[in-house]
Amino acid sequence: MDTKFIGKKSAAAGGWGALKSCGKRLLQSGMPISGARTMLKANQPDGFDCPGCAWGDPEHGSSFEFCENGVKAVAWEATEKRATPAFFAEKTVSQLRQLTDYELELNGRLTHPMRYDAASDRYLPIAWEDAFAEIGSILTGLDNPNRAEFYTSGRASNEAAFLYQLFVRVYGTNNFPDCSNMCHEASGIAMRQAIGVGKGTVLLEDFEEADAIFVIGQNPGTNHPRMLGDLRRAAIRGARVVVFNPIRERGLERFSDPQDKVEMLRGGSTDIASLYLQPQLGGDMAAVRGMAKAVLAGEDAAVAAGLPSVLDHPFLAEHCAGFAEYRAAVEATSWAEIEDQSGLSRQEIERAADVYINAERVICTWAMGVTQHLHSVATIREIANFMFLRGNIGRPGAGLCPVRGHSNVQGDRTVGINEKPSDDFLDALEKHFRFTVPREHGHNVLAAIGAMLDGSAEAFIGLGGNFARATPDSALVEKALRRLKLTVHIATKPNHSHLMPGERAFILPCLGRTEMDLNAAGNSQLVSVEDSMSMVHGSAGINRPASPHLLSEVAIIAGIAQATVGSAVVDWAELADNHDRIRDHIEATIPGFENYNARLRKPRGFHLRNTAAHREWDTPAGKASFSSDPLPEETVHQRARKGEGRFALQTFRSHDQYNTTVYGLDDRYRGVYGERQVIFIHPADLKAMNAKAGDRIDVVGEHDDGIERIAQDFRFVPYDIPRGSIAGYYPELNVLVPLGSAGRESDTPTSKSIMVSFRRRKAA
């Protein structure tokens, strides 16, 4: 059996392996010297905001504020390779569709606007003005604006996102399917219910003061590598780092900081996790409930012994509502239920609770390992409950920290990309721009796909991203896109979404984050983004554009808007030529952006005030609100073990990947090389099936809706993961994620809660 693709895992995250990978990607780009120079401007006051992730920048920034992810993202964008009209002339769309995601994007940067020609099954070049005119004609020809869907990737700047939502609302709809619908929607909903604001309450500097950091359902080594530097510094000064993750992830075990010369020269590394616990998939809520149960038991013991209280009673009395009901819910939850659902022992959970009890200041961070389950909103409410017990909200070194993925997914939502906008925001738009705004709630991602499938949606415009590969139920989404009258993709490189054209289809190439955007006067335009800590930074590209035919996202949006709705309400051309004017409009309509242009030009930008961080609670109760939800009746792993040969699957990224963008085929932190179609599985589960490493199987979805879902030709990789739980990479496994399975309240696809079985493949 061929197992050559399974190799040695890195001894630690970062280190020489990260530097080697950075060099490899810069060489692969064909521009190693200029790429290296570009990185020196990443996350600097006079440079560009790194597109690699949404991790925050310190106010006291160093000379080098980038990581392996950032180098890969910049090298990917700054490649010398070009997908010119000649590239599209060589192959039909049907032929291009046979390429993998990696092979397709290796062809480089798009250089010309392109229009699909159905007769030849090829994309042909088109002039910008002709593309805008055709798109505008189709949009205005729809009998209802709600028949169009307007998708946004978190890559878009605040300026592009604000202009986009303004155009779409002038057009007449709130249909804003957004990448946040597929990741942290549950975080925003749960935190607004609990603390009145849907954003994290901490600054990066709080990590310098925390006594304990709880990392739940998150893998920063692959997804936010700069976070490892902050965890490393916390661990070195004695802070405890407690990890809840079903998978043993190298970055949460050990990290060698490439920017620490002594550690690099000695070949050393730093232990990150003080305690590493591996719950079953979907078991995080039970684990957190168990810690709360242990904390409350500790309080009872302290009272009985006349010792200082474990709970923060002043905080609970002054700032919280619903504590008594929550305490009753915790006490009614048995340890047997907690252990069975979490997959952890009572002793393990009590060890984690002891860390919490003995820490004065605690931060809790989480990501999509928490947010992509049926009960994600309830889980995040439980995390908030846990943090309320000892007053770990609204003081230095403590707080809630959902860590976003895309570099500006949080900012896009702040400036209006929301299918359910608040009345206050719509009132502000209506008053400032003097037009009647649409009030009916629009479509999120799943609703948009449903509308495409049933024919009620006829047009799709994607502001960045790779919609067809990022969304669940890949086969259905392809069918949905190809039945539309119009598909438009604003992009930097070709991707699979472009190969699912509607009746009329356009690819509109845009500038990347690292490239200069010059206005009519020859001045470089500045854009802004918001990171996970609500810091708003300026970003100005420094490289020459990949093609003279590229336009900025702002200019493309303005061109479509002008051709669709005209300039009676907004002078789109003026805004495209002067981003300061866009920021003036943001300042006039969105609280927190006062004196926007001046503050943006200060080094490191500015912070958007978080009311909960100041213990001001914009909730119905006027206080931080406990939730007394019961644990789920059954999680995915509990359901899976009831059926013979069934497993609970989660999808995740490889280390050589950012969202749907695949930089390479190696995952050195997990010891997989040159292969992506793999399933990570416990060795004992392999033995029980009489299977072994490298065996080829098809993965079969077990969702009870009558639709056959199969991911073909995958291979087993033995791994340290709980028995009954398995894992593998997206987007290859998105074909198994059912549209009909979504988080309660969040409507987020349950990509971490997929029931599957295996079919053996015959030897070739």
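Given the structure is predicted, the values throughout are model-derived calculations rather than measurements.

Scoring rules and cut-offs
- Residues numbered from 1 in each chain as written.
- Predicted model: local features only at pLDDT ≥ 70, side-chain atom pairs only at ≥ 80, totals over all residues.
- Heavy atoms only, no water.
- Helix = DSSP H or I, 4+ residues; strand = E, 2+ residues; numbered from the N terminus.
- Buried < 20%, exposed > 50% of the residue type's maximum accessible area, 1.4 Å probe, protein only.
- Contact = heavy atoms within 4.5 Å.
- Areas by Shrake-Rupley, 256 points an atom, 1.4 Å probe, with all protein chains shown as cover.
- Lys, Arg positive; Asp, Glu negative; His and termini not counted.
- Charge placed at Lys NZ, Arg CZ, Asp CG, Glu CD.
- Polar contact = N/O pair within 3.5 Å; in protein donor to acceptor, adjacent residues only side chain to side chain.
- Phe/Tyr/Trp six-rings, centres within 6.5 Å; stacked < 30°, edge-to-face > 60°.
- Lys NZ or Arg CZ within 6 Å of the ring centre and 35° of its normal.
- Pairing = 2+ DSSP bridges.
- Axes fitted to C-alpha atoms, helices over the stretch in contact; angles between N-to-C directions.
- Parallel < 35°, antiparallel > 145°, perpendicular 65-115°, else oblique.
- Nonpolar A, V, L, I, M, F, W, Y, C, P; charged D, E, K, R; others polar.
- Core = buried A, V, L, I, M, F, W, Y, C linked by side-chain atoms within 4.5 Å.

*Asks:* With reference to specific residues and values, describe the overall build of the chain.
*Replies:* Counting its regular elements, the chain contains 31 helices and 29 strands. Viewed in the frame of its principal axes, the chain has a C-alpha envelope of about 80 × 65 × 55 Å. For the chain, the residues scored as buried account for 64% of the 764 residues in total. Restricting to contacts in the chain with at least 6 residues of sequence separation, those with at least 24 account for 79%. Working note: accessible area of the chain is about 27,200 Å², and carbon and sulfur atoms make up 50% of it. Averaging the positions of the 84 positive and the 96 negative side-chain charges in the chain gives two centres separated by 5 Å.

*Asks:* Please set out the environment of E253 residue by residue, giving values where relevant.
*Replies:* Locating E253 in the fold gives a position in helix 12 (residues 250-253). The class of E253 is buried, set by a relative accessible area of 18%. Linking E253 and D271, residues 18 residues apart in sequence, is a C-alpha distance of 5.9 Å. Setting aside chain neighbours within four positions, we find E253 in contact with R248, T270, D271, I272, A273 and Y276. A distance of 2.5 Å separates polar atoms of two side chains, one belonging to E253 and the other to R250.

*Asks:* How would you explain the packing of aromatic side chains if you had to name every residue and give the values?
*Replies:* As enumerated under the stated definition, the model contains 31 aromatic pairs in all. With a centroid separation of 4.9 Å and an interplanar angle of 70°, the aromatic rings of F87 and F88 are classed as edge-to-face. In this pair, the class of F87 matches that of F88, namely buried. Through successive ring pairs, a cluster of aromatic residues spans F150, Y164, F167, Y171, F176 and W572. For the cation-ring pair, R248 lies above Y276, with the distance from its terminal atom to the ring centre recorded as 4.1 Å.

*Asks:* Which residues make up the sheet that holds strand 15 (residues 459-463), and what values do they have?
*Replies:* One open sheet holds the 6 strands; their spatial order is 5-4-17-16-15-6, and the pairing between them is mixed. The sheet terminates laterally at strand 5 (122-125) and strand 6 (148-152), the two strands that pair on one side only. This sheet shows a mean twist of 20° between the axes of neighbouring strands, independent of strand direction. Taken together, the 4 bridges between strand 4 (residues 114-117) and strand 5 define a ladder with antiparallel strand orientation. When the sheet's bridge partners are listed, D117 is paired in strand 5 with R122.

*Asks:* Which residues make up the packing of helix 8 (residues 158-171) against helix 26 (residues 553-565), and what are the values?
*Replies:* Put simply, helix 8 and helix 26 touch, their axes get as near as 9 Å, and they point 10° apart. One finds that helix 8 runs roughly parallel with respect to helix 26. Residues E159, A160, L163, Y164, F167, V170 and Y171 of helix 8 form the contact with helix 26, whose participating residues are E553, V554, I557, A558, I560, A561, T564 and V565. Its residues placed into classes, the contact of helix 8 with helix 26 shows 12 nonpolar, 1 polar and 2 charged.

*Asks:* Quick rundown of the nonpolar core? Include the residues and the values.
*Replies:* In this structure, F214, F244, F388 and L389 are the most contacted members of the largest nonpolar core, which totals 62 residues. Of the residues forming this core, the biggest block, 10 residues, is contributed by helix 14 (residues 284-305). Once residues within four sequence positions are removed from consideration, F244 is found in contact with F214, V215, I216, G217, L277, P279, D284, A287, M291, L344 and A352. Membership of the second largest hydrophobic core comes to 59 residues, among which are A131, A540, A561 and V570.

*Asks:* Now, about the sheet that holds strand 7 (residues 212-216): what can you tell me, with residues and values included?
*Replies:* Here 5 strands make up an open sheet; going across it, the order is 11-8-7-13-14 and the pairing parallel. A single partner strand is all that each edge strand has here, and the edge strands are strand 11 (275-277) and strand 14 (399-402). Sheet twist, expressed as the mean angle between neighbouring strand axes with direction ignored, is 15°. When strand 7 meets strand 13 (residues 362-366), the two strands line up parallel, connected through 5 bridges.

*Asks:* Explain the pairing of strand 25 (residues 678-681) to me, using residue names and the numbers behind them.
*Replies:* Neither face of strand 25 is exposed, since V678 and F680 on one face and I679 and I681 on the opposite face are all buried. Here strand 25 pairs with strand 27 (residues 710-718) via 4 bridges, running parallel. Bridge assignment links V678 to a residue of strand 27, and that residue is R715.

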